[in-house]
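Report on the structure
Listed below, chain by chain, are the residues.
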Amino acid sequence: MTDTILSLSDVGLTLDGNAGPVEILQGISLDIEQGSSVGLTGPSGSGKSSLLMLMGGLERATRGSIQVLGQDLGAMDEDQLARFRRGRMGIVFQSFHLVPTMTALENVALPLEIMGEADAFARAEAELAAVGLGHRGHHYPSEMSGGEQQRVALARAVVTRPAVLLADEPTGNLDAANGAAIMDLLFGLQERHGATLVLVTHAPELAARCDRVVQLSDGALA
Amino acid sequence: MMLSARIAARELRGGIRGFRVFLLCLMLGVAAIASVGLVRGAIREALSDQGAMLLGGDAQYDFTYRRATPEERAWIDDHAAAVSEVIEFRSMLTRGAGDALETALTQVKAVDGAHPLIGALVLDPPVPMGALGPEGGLPGIFLDQILADRLGLAPGDTVQLAGQPFAYRAAITREPDSTGAGIGLGPRSIVALSAIEATPILAPGSLYETEYRVILPEGTDLDAAKTAAEARFEGAGMRWSDSRRAAPGADRFVDRLGSFLVLVGLAGLAVGGVGISATVSAWIERKAETVATLRALGAAGGTIRAIFLWQLAALSALGIVAGLGLAALVVVLAAGVIEAALPIPVTIALSAGPMLEAAVYGALVAAIFALWPLARMATTRSGALYRAGRGRRWPSWPALVLMAVLVAVLLAAAVAFSGLVGLTLGTFGGVVGALVLLWLAAFGLRLLARRAAHLSRGRPALRAALAAIGAPRSEAAPVILSLGLGLSVLAAVGQVDAALRSAIQRDLPDVAPAYFMIDIQNSQLPEFLTTLDTLGTVDKVETAPMLRGVITEINGQPAREVAGEHWVLRGDRGVTYATTPREALTAGTFWPEDYAGPPQASFAAKEAQELGLKLGDKITVNILGRDIEAAITSLRDVDFSTAGIGFVLTLNPAALQGAPHVHIATIYAAPEDEAAILRRVAQEYPNVTAIRVRDAIARVSEALGTIARATSLAAGVTLLTGFVVLIGAAAAGEGARNWEAAMLKTLGATRATILRSFALRAALMGAAAGLVAIGFGALAGYAVLEWVMEAQYRFAPLPALAIVLGGVLVTLTAGLVFALRPLAARPARILRARE
């Protein structure tokens, strides 16, 4: 029997818009098993990315509860959430979100430094090498291609060996060849580290590579 | 209407959002300059309008050390509608006797019955001028309230002036002919001329000045009157002044201080320029797509530039007008306080001149600093404008030339407005030097931040702070530049002020005499020295014969034409004679003790060098109306900083044979013995005037304090402008901080870590600005102390520490105010906004 690592119960999200409150998500209940991979798909505006942000504690649900590794995210304040993410969650974004003023190596080492790990740089170097960028450690993001930047972002996400890997359309800004390479890398890393992967994607063929596909429509599970 | 103007007008419909820093910077800079200018203008106007009142007549004939002969007086009477004679000297007021003897140094004015020719003396109680006449057997005396209080006098009490009894009749509330500028050594007393004519005060050789103030006949041309007077009194040691420049000392002081403060205000405007440049850069960044679209639609580069220039011109005009309005408001509101603080009646009102000056400075600074980003935009290609991170390009050559021309025009305007080339160029150079130094410091800090990144391993807050400082689009340059300049001016003021005070306090007590005594008659000298000797508390006495003379010619040419406005040539100077040199000779040989040949002079070496004098040169000195031509045969190393006896000019005794003179003495004693010495001298030698060196130094310190306060106030405006720029920079960087905070939270950083990182970068930049300011302050302190004051500079750590702490505090405040929103924001929204 596999353990549930991520559990959402009747989750809803309402945000304030210019024209009044906008209901982004409603009545989402979902359990994700440890070590599995889940593809979140659906049309634009269906709430995929918002759901991913709720799972990462980067956004707060306005209704329902979210349990990750047995912890209720709704009961935590901003700092508790930040501490909780340390070493437990890795997040990859469509726009990479690397710190432009830091080198690739520093970017990868940053989460380990935040955790207070003494060997942050040695581990970061190894992780960069694992994504094929061992020779680019001292380059700044602006000196790298989009594909390379996303590989750095992947290395940064997995360097702490997180139990949960959240990826928000990680190939959205890349061409087909780079996109495919990144996905291979992502699934490879997930498999190697035994992490649970939640992947937001538009592409059915990428979703199909996941153990399970969850479809969203108009902010609800389809 | 031109196309560019029409489009510019449409663009401006959006309001001034995004231009608040631009407008505030310009407004504050213009307001500071206009306020100082308005006050300076009002004082200048008062000095010029009330010239006759301040001088006490249309013109004045001034004789040092003597009164006019009957023939001279007759000539003066013939050329005037009214004449008033006034004799000014320093003396001692005493009250009581024995151990209860109270003394006070005073500047005495002995006036005739015609005084004052213009205006009226305001007295308390309001007695008539006739109250100076004898009444109840005693002549009257009017005293400054301070003197009456110090001696505990009430109207009707008796007080001794130079040993002569006077009845105190009233306190002087306001004198019509007093500028009060400069450093007087004692408060004022007024007596009748007739009351001192028979006393030893006017004995030959005594130090006094006689002024004949005149009302000229209707229609007299001042230039013609001056020429006639100078011709009549040629070689007689007469100095002419007239109502056109009644108080040259005050005039010069107001001019210099006012101009300096305007230049400090200009420094503030330069700081504002950093904000202006940053605002315009951000604005152009926001408008990049509009520009690209306009270009794509076929608009020529000239049209696009014109659109921006129209908008900038409109905004500059708004900022300048707001600044002038603020200045008007401040000056009108503070007019009462300022007028009350000034020693002459001044009416502070709004006038066009200073406003125009401030507006010109504002327009030029806005143009110079706005042109830089505008010119860079002009060299960016259309396609690049659509892309983020457009890269940095240098402005084109013509744009750089235009900016250089504008800087030259600004400099020329500053010189023209102040009329003081040296001061303006010096201050301008200082400001530019400080800006370059600050820019280098910002560059250095960024370099250091990048290099020191490895030191921050394991310290994510420090790593993020160093990364932000070292980044290509770092805030370091605008923050350090804007804050550093204001801090530099404050640090310079602090260092100079502290160093001067400590130089005075540190150096003088060891070497300075306790008293400086003047007016010791020839016949009194031996007895005077014996008295001091018998006291047993006097460590050392030095005396020297003292005459006063004006150096009129150098090698047969008018001295001022040869050597300019050197202080040695300004008015009369002390002259002495000696058989042996008092100081070490640096060149030439001193005359033999029995020398009786043609007059010879020994000159102070440093002053001789400044005047261009060398051995063998001939100088003409007018002493008591007699011209003495002497050859310079030796140069001496005179140190004026010891406050001991030191004469620029020493003549051989025979050259001054027969000239009546007095002696001066410096008395060295322990502070606790000073009072007893003064009492004894005042009792036994009432005609001798004692100047307490510590009091004189206190007056100098007081004057220094006032100048330091005025400069600090002007520097405060610069600092305020810097703060506005900082706030602007912090506000502009809020978006970047939002993202950074969100990113760091995603990676597990707590708000405390993020806040620490923001605080660290602000503190590092503030400290850098503070350190540069200290360096600049120390440099200014060293320059002023070593070169201008010729004293030893010693670094003052306390004001320096205050500057660094101030810098850190200001940047922290500005940085942290804009850190609150990023800290509170939900990461998801910030990150997704960038997707």
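Residues numbered from 1 in each chain as written. Chains lettered and ligands numbered in written order. Predicted model: local features only at pLDDT ≥ 70, side-chain atom pairs only at ≥ 80, totals over all residues. Heavy atoms only, no water.

Attention now goes to the overall build of chain B. For chain B, the count of helices and strands is 26 helices and 21 strands. Expressed along its principal axes, the backbone C-alpha trace of chain B runs to roughly 100 × 65 × 60 Å. A buried classification covers 52% of the 835 residues belonging to chain B. For chain B, the proportion of contacts with a sequence separation of at least 24, taken over those separated by at least 6, is 81%. (Helix = DSSP H or I, 4+ residues; strand = E, 2+ residues; numbered from the N terminus. Buried < 20%, exposed > 50% of the residue type's maximum accessible area, 1.4 Å probe, protein only. Contact = heavy atoms within 4.5 Å.)

Each side of the interface is counted separately: chain A has 32 residues, and chain B has 31 residues. When residues of chain A are sorted by the area they lose upon contact with chain B, Glu78, His97 and Glu113 of chain A head the list and together hold 20% of the total. Summed over the shared surface of chain A and chain B, the number is 6 salt bridges. Ionic pairing is found between Glu78 of chain A and Arg826 of chain B, a salt bridge with its closest N-O pair at 3.8 Å. Where chain A touches chain B, the interface holds 10 residue pairs in polar contact (both at pLDDT 80 or more). (Buried area = accessible area lost by both parts, 1.4 Å probe. Salt bridge = Lys/Arg side-chain N within 4 Å of Asp/Glu carboxyl O. Polar contact = N/O pair within 3.5 Å; in protein donor to acceptor, adjacent residues only side chain to side chain.)

With that out of the way, let us pick up the packing of aromatic side chains. Working definition: an aromatic ring pair is given by the centre-to-centre distance plus the angle between the planes. Residue and element names in this part refer to chain B. Going through the model one piece at a time under the given rule, you end up with 12 aromatic pairs over all chains. Taken together, a centroid distance of 5.7 Å and an interplanar angle of 65° make the contact between Tyr61 and Phe233 edge-to-face. Of this pair, Tyr61 sits in strand S1 (residues 59-64) while Phe233 sits in the loop between helix H7 (222-232) and strand S10 (238-242), and the two are 172 residues apart along the sequence. Between Phe63 and Phe233 the ring centres are 5.6 Å apart and the planes differ by 75°, which places this aromatic pair in the edge-to-face class. Note that Phe63 is positioned in strand S1 and Phe233 in the loop between H7 and S10, a separation of 170 residues in sequence. Taken as a pair, Phe63 and Phe233 share a single burial class, namely buried. Every member of this aromatic cluster is reached through a ring pair, and the members are Tyr61, Phe63, Trp75, Tyr212, Phe233 and Trp240. Sitting over the face of the ring of Phe233, Arg232 holds its NZ or CZ atom 4.9 Å from the ring centroid. The ring of Tyr668 carries the charged tip of Lys540 above its face, separated from the ring centre by 4.4 Å. (Phe/Tyr/Trp six-rings, centres within 6.5 Å; stacked < 30°, edge-to-face > 60°. Lys NZ or Arg CZ within 6 Å of the ring centre and 35° of its normal.)

We now examine the sheet that holds strand S3 (residues 37-41) of chain A. All names here are of chain A. Taking strand neighbours across the sheet as the criterion, the 6 strands line up as S6-S7-S8-S3-S9-S10 in an open arrangement whose pairing is mixed. Either end of the sheet is taken by a strand with one partner, and the two such strands are strand S6 (89-92) and strand S10 (220-221). The pairing of strand S7 (residues 164-168) with strand S8 (residues 196-200) spans 5 bridges and is classified as parallel. Across the sheet, residue Asp168 finds its bridge partner in S8, namely Val200. Running over the sheet, helix H1 (residues 48-55) touches S3, S6, S7, S8 and strand S9 (212-217) and is turned about 155° from S7. (Pairing = 2+ DSSP bridges. Axes fitted to C-alpha atoms, helices over the stretch in contact; angles between N-to-C directions.)

Residue and element names in this part refer to chain A. Running from N to C, helix H5 (residues 146-158) and helix H6 (residues 176-193) cross one another at 10°; their axes reach a closest spacing of 10 Å. In terms of orientation, H5 lies roughly parallel with respect to H6. Crossing hand, H5 versus H6: right-handed. Residues Gly147, Gln150, Arg151, Leu154 and Val158 of H5 touch H6, and the partners they reach there are Asn178, Ile182, Leu185, Leu186, Leu189 and His193. Of the residues belonging to the contact of H5 with H6, the class tally is 6 nonpolar, 4 polar and 1 charged. (Parallel < 35°, antiparallel > 145°, perpendicular 65-115°, else oblique. Left-handed = near helix turned anticlockwise from the far one by under 90°. Nonpolar A, V, L, I, M, F, W, Y, C, P; charged D, E, K, R; others polar.)

Moving on, we come to the UniProt feature "transmembrane region" (unreviewed entry) in chain B. According to UniProt, the feature "transmembrane region" (unreviewed entry) maps to residues 260-284, 305-338, 358-378, 399-421, 427-449, 758-785 and 797-820 of chain B in the numbering used here. Structurally, residues 260-284 of chain B comprises 100% helix and 0% strand, and the distance from its first C-alpha atom to its last is 35 Å. (UniProt positions renumbered as here; feature names shortened; annotations may be inferred.)

Its domain assignment divides chain B into domain 1 (1-50 + 250-419), domain 2 (53-245), domain 3 (442-510 + 693-835) and domain 4 (538-669). Each of domain 2 of chain B and domain 3 of chain B has a C-alpha centre, and these two points are 54 Å apart. (Domains from an automatic or database assignment.)

All names here are of chain A. Across the sheet, 4 strands lie side by side as S2-S1-S4-S5; this open sheet has antiparallel pairing. A single partner strand is all that each edge strand has here, and the edge strands are strand S2 (20-33) and strand S5 (71-72). Judged from the 2 bridges that link them, strand S4 (residues 63-68) and S5 form a sheet pairing that is antiparallel. Residue pairing across strands places Gln67 opposite Asp72, the latter belonging to S5. Contacting strand S1 (4-17), S2 and S4, H1 runs over the sheet at an angle of about 65° to S2.

Right, let's get into the nonpolar core. Side chains of a nonpolar character, in soluble globular proteins, are inclined to be buried together. Residue and element names in this part refer to chain B. Judged by nonpolar contacts, the single largest core of 104 residues is most densely connected at Phe22, Leu266, Tyr361, Ile480 and Leu485. When residues in this core are grouped by element, the largest group, 17 residues, is from helix H2 (residues 20-49). Here this core spans two domains, and each of domain 1 (1-50 + 250-419) and domain 3 (442-510 + 693-835) adds at least three residues to it. Apart from residues lying up to four places away in sequence, Ile480 is in contact with Leu438, Ala442, Leu445, Leu485, Met765, Ala768 and Ala769. Membership of the second largest hydrophobic core comes to 58 residues, among which are Leu613, Ala630, Phe647 and Leu651. (Core = buried A, V, L, I, M, F, W, Y, C linked by side-chain atoms within 4.5 Å.)

Where nonpolar side chains cluster on the molecular surface, the patch consists of Val432, Val436, Trp439, Leu440, Phe443 and Leu447 of chain B and spans about 540 Å² of accessible area. Tracing the backbone through its elements, the reader meets Leu447 of chain B in helix H14 (residues 421-451). (Patch = residues over 30% accessible without salt bridge, like charges linked within 9 Å, V, L, I, M, F, W, Y side chains within 5 Å. Areas by Shrake-Rupley, 256 points an atom, 1.4 Å probe, with all protein chains shown as cover.)

Attention now goes to the pairing of S1 of chain B. Residue and element names in this part refer to chain B. A large share of S1 lies buried, amounting to 6 of its 6 residues. Neither face of S1 is open: one carries Ala59, Tyr61 and Phe63, the other Gln60, Asp62 and Thr64, and all of them are buried. Of the strand pairs in this sheet, S1 and strand S9 (residues 209-215) are connected by 6 bridges, and their pairing is antiparallel. The partner of Ala59 across the bridge, within S9, is Val214.

Each pair of packed helices gets described by two things: the angle between the helix axes and the distance between those axes. Residues and elements named next belong to chain B. Running from amino to carboxyl end, H14 crosses helix H15 (residues 460-470) at an angle of 140°, the nearest separation of the two axes being 8 Å. Accordingly, the angle class assigned to the pair H14 and H15 is oblique. Our pair here, H14 against H15, has a crossing hand that is left-handed. Every residue of H15 that contacts H14 at Leu445, Arg446, Ala449 and Arg450 is listed here: Leu466, Ile469 and Gly470.

Our focus in this paragraph is the environment of Glu734 of chain B. Residue and element names in this part refer to chain B. Note that Glu734 resides in helix H22 (residues 734-746). The exposure class of Glu734 is buried, given its relative accessible area of 11%. For the pair formed by Glu734 and Gly815, sequence separation is 81 residues and the distance between their alpha carbons is 9.2 Å. If we skip the residues at most four places from it in the chain, Glu734 touches Phe818, Arg821 and Pro822.

So, about the confidence of the model for chain B. Detailed conclusions should not be drawn from predicted coordinates in areas where pLDDT is low. For chain B, per-residue confidence averages 82 on the pLDDT scale, and residues scoring 70 or more make up 91% of the total. Of the regions scoring below 50 in pLDDT, residues 385-391 of chain B engages in 15 contacts with residues more than four places distant in sequence or in other chains. (pLDDT = per-residue confidence, 0-100.)

Attention now moves to helix H20 (residues 674-684) of chain B. Along H20 of chain B, the residues that are buried comprise Glu674, Ile677, Leu678, Val681 and Ala682 of chain B. Axial view of H20 of chain B: buried residues confined to an arc of 125°, hence all on one face. (Arc of directions from axis to C-beta.)

Moving on, we come to unusual backbone geometry. Of note, the bond from His115 of chain B into Pro116 of chain B is cis; its omega dihedral lies within 30 degrees of zero at -10°. For Pro116 of chain B, the location among the structural elements is in the loop between strand S3 (102-111) and strand S4 (122-124). Between Asp124 of chain B and the following residue, Pro125 of chain B, the backbone shows a cis peptide bond with an omega angle of 0°. With respect to the helices and strands, the residue Pro125 of chain B is situated in the loop between S4 and strand S5 (140-144). One non-glycine residue with positive phi stands out, namely Asp10 of chain A, at about 50°. In this structure, Asp10 of chain A sits in strand S1. A relative accessible area of 47% means that Asp10 of chain A is categorised as partly exposed. The phi dihedral of Arg161 of chain A falls on the positive side, at around 55°, and the residue is not glycine.

We now examine the pairing of S3 of chain B. All names here are of chain B. Counting buried residues along S3, 9 of its 10 residues qualify, which places the element largely inside the surrounding structure. Across 10 bridges, strand S2 (residues 82-95) lies against S3 in antiparallel orientation. Residue Met92 lies in a different strand from S3, and its bridge partner there is Leu105. What sits between the antiparallel neighbours S2 and S3 is a turn of 6 residues, in which Gly96 has the positive phi angle 85°. Where S3 meets strand S8 (residues 188-192), 5 bridges bridge the pair, whose relative direction is parallel. Paired with Ala110 across the bridge in S8 is Val191.

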